[in-house]
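Residue-level structural notes
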Amino acid sequence: MQENRVSRWYFGGVSSSAAACVTHPLDLIKVHLQTQQEVRMRMIGMTLNVVRREGFLALYSGLTASLCRQMTYSLSRFAIYETSSWVPLEVNDVVFPSSGFTGGFIGTPTDLVNVRMQNDVKMAAEFRRKFLYNVHPSEMCFLEGLRKLFSGASMASSRGALVSVGQLACYDQSKELVLATGYLTDNIFTHFLASVFAGGSATILCQPLDVVKTRLMNSEVQYGSVSHCLTETAKLGPNAFYKGLVPAAIRLIPHTVLTFIFLEQLKQHFGEMVIT
């Protein structure tokens, strides 16, 4: 018999929150690029513009909402995945997307708040929502209705499913392949390599849905439905669905790497002990 440590159900949310503290500025720039109506600025130009207008701390606008999102969306999908990790492989094929779909739906209100807080810094002063703390979902519910808190829920849930397939499934498979070579052991470098592959896969899979989700969440009355948003985005050309791909990759890949490295370290040092 051998003793192993496995992840606790809340480790995924904690790891994702820690990673978000590092990668949040990249997430903010990605949202700004995705909500441009025309292609005007690229990543570096947008970053300089935000810093020049609002200061360096503006790059962390919406951090509180981002952390709340990680502790709803990421915590839910990792918890479902971790508690189902012992089921047969054919069942896991369903667990991966369903965990992300569920987490995406649960995290929609905080994701919406995150998108709006990030976009607030680029609006004219008289049009800003002036969010200071992460307490305004109740205000939005009162002013815009409960249904508004779940704007883009279908896109967020679908994106969550694809991200989970790209991240969780690809990470596990990549880690197994790296270890199977016999050249590397179960260490941080192995976790790094596997998570880079996972982050790249997740970025490519979810980018079109991420663009539509961001546009829906940032809109107050502009889009009447998901199909309307898809149509209007398509009018900008096929590249519109991959607007912000570079900052999305630069944000999601490091976020994925940090999340899994933190997760593996938590598992090794504080994980639940099991006998195999």
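Residues take numbers from 1 onward in each chain, read along the sequence in its written order. Per-residue local features of the predicted model are confined to residues with pLDDT of at least 70, and side-chain atom pairs are confined, for both listing and counting, to 80 or more; whole-chain, interface and lining totals are unaffected and use all residues. Only hydrogens and water are removed before side-chain values are computed, so all heavy atoms of the structure are retained for them.

Section: the confidence of the model for the chain
The cut-off we apply is this: Confidence scores per residue from the predictor, reported as pLDDT, run from 0 to 100. Where helices and strands are cited, they refer to DSSP runs of H or I of at least four residues and of E of at least two residues respectively, numbered from the N terminus.
For the chain, per-residue confidence averages 81 on the pLDDT scale, and 82% of positions sit at 70 or higher. For the chain, per-element mean pLDDT is lowest for helix 6 (residues 137–144), which scores 56, and highest for helix 10 (residues 245–270), which scores 91.

Quick notes on the pattern of salt bridges
Selection rule: Note on definitions: salt bridges are taken to be side-chain nitrogens of Lys or Arg within 4 Å of carboxyl oxygens of Asp or Glu. Only protein chains enter the accessibility calculation, which uses a 1.4 Å probe; a residue whose area is less than 20% of its type maximum is buried, one above 50% is exposed, and one in between is partly exposed.
Applying the stated criterion to the full structure yields eleven salt bridges. With a closest N to O distance of 3.0 Å, Lys213 and Asp111 form a salt bridge. Residue Lys213 is located in helix 8 (residues 188–218), and its partner Asp111 is located in helix 5 (residues 108–120); the two are separated by 102 residues in the primary sequence. Of the two residues, Lys213 and Asp111, neither departs from the other in class, the shared state being buried. A salt bridge links Asp186 to Lys175, with the nearest nitrogen and oxygen atoms 3.6 Å apart. Residue Asp186 is located in the loop between helix 7 (153–180) and helix 8, and its partner Lys175 is located in helix 7; the two are separated by eleven residues in the primary sequence. A relative accessible area of 41% means that Asp186 is categorised as partly exposed.

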